[in-house]
Amino acid sequence: GKRPMTGASETWQLPVWEFVLVPLLLHRLTKLTGSDKYVDHVVQWCQVTSGLKMAAPDELFCWEGDWGLPSVSTDCLVVLAYAQFAGAPLKLRKISNPWRSPSGSLPALRTNQKETLSRPSDIIIHLRKQKYNADYDLSAKEGADSLAFISLLEEKLTPALIYAFWIEPKNYVDVTRRWYAEHLPFPLNFFLPGRMQRQQLEKLRLLRGDESLEAGEELEKEMYRDAAECMNLLSQRLGSHKFFFGDSPSSLDAYVFGHLAPILKSKLPNAKLQQHLKSLDNLTNFCTNILLLYFPRDGRESQKTTSQPEGADFDHVPNKRRKQFLSALVALGAMLSYALLTGMVSIQHVQHEALEEPPDLQHIGPHEEEGDG
Amino acid sequence: MSLAAEAFVSQIAAAEPWPENATLYQPLTEDQILLSDCASSLAVQAYLRMCGLPVQVVCRANAEYMSPSGKIPFIHVGNQVVSELGPIVQFTRAKGHSLSDGLDDVQRAEMKAYMELVNNMLLTAELYIQWCDDATAAEVCMLISRPRYSSPYSWPLSNVLAYQKQWEVRRKMNAIGWGGKTLEQVYEDVSQCCQALSQRLGTQPYFFNKQPTELDALVFGHLFTILTTRLTSTELAERVKSCSNLLSFCKRIEQTYFEDKSS
């Protein structure tokens, strides 16, 4: 199973006895249930029972990851990357049900004052106020440049991303809708993907100020041209540097990563944006570097999961084995109960025999042992 | 502007020189035009003046409905109609007039980025203050935007159109996440944007040293309009005034490109 948390919660300090008890408890729970979703609860419980007066960390709710990314949503990626760059101790909850987020949308940050923030820029400002500032070393002019390039991304790349993932018919049906239908919990998976698509279409219409927006070749060309130009500009600005400003990443790096990584890693049937991005070596390296340096776990997981389905590419379902096992169990149970109910198999006769024979065995077994003792 | 139209325009445009009778259309200056439209229009005028291309400004009450993209301003050159600064810059480049040819790749990337900053923050803030600000809805929106916007139309239509416009802008704000912002946060964004521009400008006469570019035209259009337009509150202008180099930048462009022509 995937562990629904990273970084921060592992660094919490616990009293000595819990160093022994907690791992034992976790070990038992993971063995019993086959998943380690209890880690969170146990850590929370320890915090409460041990009476440690520690400020609870802010909780960040994000979409689950896939394709080797820590999350599939651009906004979530921006926040995750910034938090990693700034070293902010967030308690991460990767979920696949937006209704479980405190704001009803993802990402969302629940601060320890129980405030809820959902815009990436608001979350970043909040983290900055908590002294987790990835832009601390920037000069005023570099800060101004960051602001300008973030605007460039929002104006030029966001519409193309919406188009590529939600409007382009083949991409939407084969990848986006499928991903959300598979990952959302049962009743939601039927209507939420469609509703999310309508919201995105509405957003694109308003962004472009074009009421009669229809998926089509012309719209696609226009949007992809803007996006390609934006990527070229970013590539020129980045040059041969590792990050946009010096040797350490800043908020601009987080935004660029959040917008480009999904293009680079997703496997869309219509992959024109990806082709263009792959032709810009420095931006491609920039994304893979950040993934390697700041999200090593997700990269490894993806390699595992992508190498598995390559052989049996059909329907990649999470927890496949367990689900197969459960359904086999249910089928078996149904068959047996049918057999019992219709009287194909009668249990009474068997029980009778079983009751008749054991007494003899029991007589012999234990009594001899007692006699020895 | 659609791609096919654009390709067509750039082919045709290259062939013909800039005519004497080029016209720029905008809403009525005295009692109709709103802050955001005025700023966009002024930016285009400044750009054309920097290029040295003569244009005659014509005010029409239905300019918004004449424009091919529904946005203001648009220019009518020869037999072509082009709206908004971005496409107009491309159009003039096709005719051989460009301000940004002297820039290197990185500078051009930065110029584009700063232009998007102005569109993304200043223009959105102007729209927000005009149409969406709940606290002073009784003031700016009710006293200025709505009556001005609907001034050419008679009673039932004027209300319908103003509501329609307001509704559209509000939906846009919600879509880009500005719906939940307070007025104070919007002013804060304006300050942040002005400080960024001010930092970038530094002590240079123009954003990229000695020569003006389309970025200078765009920034001038917005800042000069904010500084010279009277709203119910002077807060917006105050935020701009806190950056002194931007003030002298506006004055410099006004003197260089607007005063000697009118005198």
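Everything that follows concerns the structure shown earlier in this document.
Bear in mind that the values here come from a model prediction, so they are computed numbers and not experimental data.

Caption draft 1: Seen up close, the packing of helix H3 (residues 74-86) of chain A against helix H4 (residues 120-129) of chain A. All names here are of chain A. Where H3 meets H4, the axes come as close as 9 Å, and the angle between the chain directions of the two elements is 15°. Between H3 and H4, the crossing angle belongs to the class labelled roughly parallel. As for the relative orientation of H3 and H4, their crossing is right-handed in sense. Mapping the contact onto sequence places Asp-75, Val-78, Val-79, Tyr-82 and Ala-83 in H3 and Pro-120, Ile-123, Ile-124, Leu-127 and Arg-128 in H4. Here the residues of the contact of H3 with H4 are counted per class, giving eight nonpolar, no polar and two charged.

Caption draft 2: Quick look at the interface of chain A and chain B. Counting residues at the interface gives 27 residues for chain A, matched by 32 residues for chain B. Both faces considered, chain A and chain B share a buried interface measuring about 2600 Å² in area, 57% of it formed by carbon and sulfur atoms. Among the residues of chain A in contact with chain B, Arg-119, Leu-147 and Leu-206 of chain A are the three that bury the most area, contributing 21% of the side total. Linking chain A to chain B there are five salt bridges. We note a salt bridge from Arg-171 of chain B to Glu-202 of chain A, for which the minimum N-O separation is 3.0 Å. Elements represented by at least two residues in the side of chain A that touches chain B include exactly helix H5 (140-167), helix H7 (188-208) and helix H8 (217-238) of chain A. Considering each element in turn, the side of chain A that touches chain B owes the most residues, twelve residues, to H5 of chain A. Along the lines of polarity and charge, the residues of the side of chain A that touches chain B split into nine nonpolar, two polar and 16 charged.

Caption draft 3: Here's a closer look at a nonpolar patch on the surface. Residues and elements named next belong to chain A. On the surface, Trp-99, Phe-186, Phe-190 and Phe-191 cluster together to form a nonpolar patch covering roughly 530 Å² of accessible area. Checked against the element boundaries, Phe-186 lands in the loop between helix H6 (169-183) and H7. With relative accessibility at 60%, the residue Phe-186 sits in the exposed group.

Caption draft 4: Local environment of the sheet that holds strand S4 (residues 80-83) of chain B. All names here are of chain B. Strand order in the open sheet made by the four strands is S2-S1-S3-S4, with mixed pairing throughout. The open sheet has two free edges, formed respectively by strand S2 (56-59) and S4, since each of these has just one partner strand. Across the sheet, the mean angle separating the axes of adjacent strands is 25° when strand polarity is ignored. Pairing geometry for strand S1 (residues 23-26) and strand S3 (residues 74-77), over three bridges, is antiparallel. The partner of Thr-23 across the bridge, within S3, is His-76.

Caption draft 5: Structural context of the sheet that holds strand S2 (residues 91-95) of chain A. All names here are of chain A. Strand order across the open sheet formed by four strands is S2-S1-S3-S4, with mixed pairing between neighbours. The sheet is open, and its two borders are formed by S2 and strand S4 (116-117), each paired with just one other strand. Where strand S1 (residues 59-63) and strand S3 (residues 108-110) come together, three bridges link them in antiparallel fashion. Residue pairing for S3: Leu-60 is matched across the bridge by Leu-109. Its contacts with the sheet put H3 on S1 and S2, and the angle it makes with S1 is roughly 140°.

Caption draft 6: The packing of aromatic side chains, seen in detail. For the structure on display, the rule yields 21 aromatic pairs over all chains. A ring pair is formed by Phe-244 of chain A and Phe-286 of chain A, whose centres lie 5.5 Å apart and whose planes are at 80°; its orientation type is edge-to-face. With Phe-244 of chain A in the loop between H8 and helix H9 (251-265) and Phe-286 of chain A in helix H11 (residues 281-294), this pair connects stretches of sequence that are 42 residues apart. Both residues of the pair, Phe-244 of chain A and Phe-286 of chain A, count as buried. Residues Trp-131 of chain B and Tyr-149 of chain B carry aromatic rings whose centres are separated by 5.6 Å and whose planes lie at 85° to one another, so their mutual orientation is edge-to-face.

Caption draft 7: View of the packing of H5 of chain A against H6 of chain A. All names here are of chain A. Where H5 meets H6, the axes come as close as 6 Å, and the angle between the chain directions of the two elements is 75°. Relative to H6, the element H5 lies roughly perpendicular. From H5, Ala-164, Phe-165, Trp-166 and Ile-167 reach across to H6, where they touch Pro-169, Asn-171, Tyr-172, Thr-176 and Tyr-180. In terms of residue class, the contact of H5 with H6 is made up of seven nonpolar, two polar and no charged.

Rules used in this analysis
Residues numbered from 1 in each chain as written. Chains lettered and ligands numbered in written order. Predicted model: local features only at pLDDT ≥ 70, side-chain atom pairs only at ≥ 80, totals over all residues. Heavy atoms only, no water. Axes fitted to C-alpha atoms, helices over the stretch in contact; angles between N-to-C directions. Helix = DSSP H or I, 4+ residues; strand = E, 2+ residues; numbered from the N terminus. Parallel < 35°, antiparallel > 145°, perpendicular 65-115°, else oblique. Left-handed = near helix turned anticlockwise from the far one by under 90°. Contact = heavy atoms within 4.5 Å. Nonpolar A, V, L, I, M, F, W, Y, C, P; charged D, E, K, R; others polar. Buried area = accessible area lost by both parts, 1.4 Å probe. Salt bridge = Lys/Arg side-chain N within 4 Å of Asp/Glu carboxyl O. Patch = residues over 30% accessible without salt bridge, like charges linked within 9 Å, V, L, I, M, F, W, Y side chains within 5 Å. Areas by Shrake-Rupley, 256 points an atom, 1.4 Å probe, with all protein chains shown as cover. Buried < 20%, exposed > 50% of the residue type's maximum accessible area, 1.4 Å probe, protein only. Pairing = 2+ DSSP bridges. Phe/Tyr/Trp six-rings, centres within 6.5 Å; stacked < 30°, edge-to-face > 60°.

As far as function goes, none of this settles anything; it's purely spatial.
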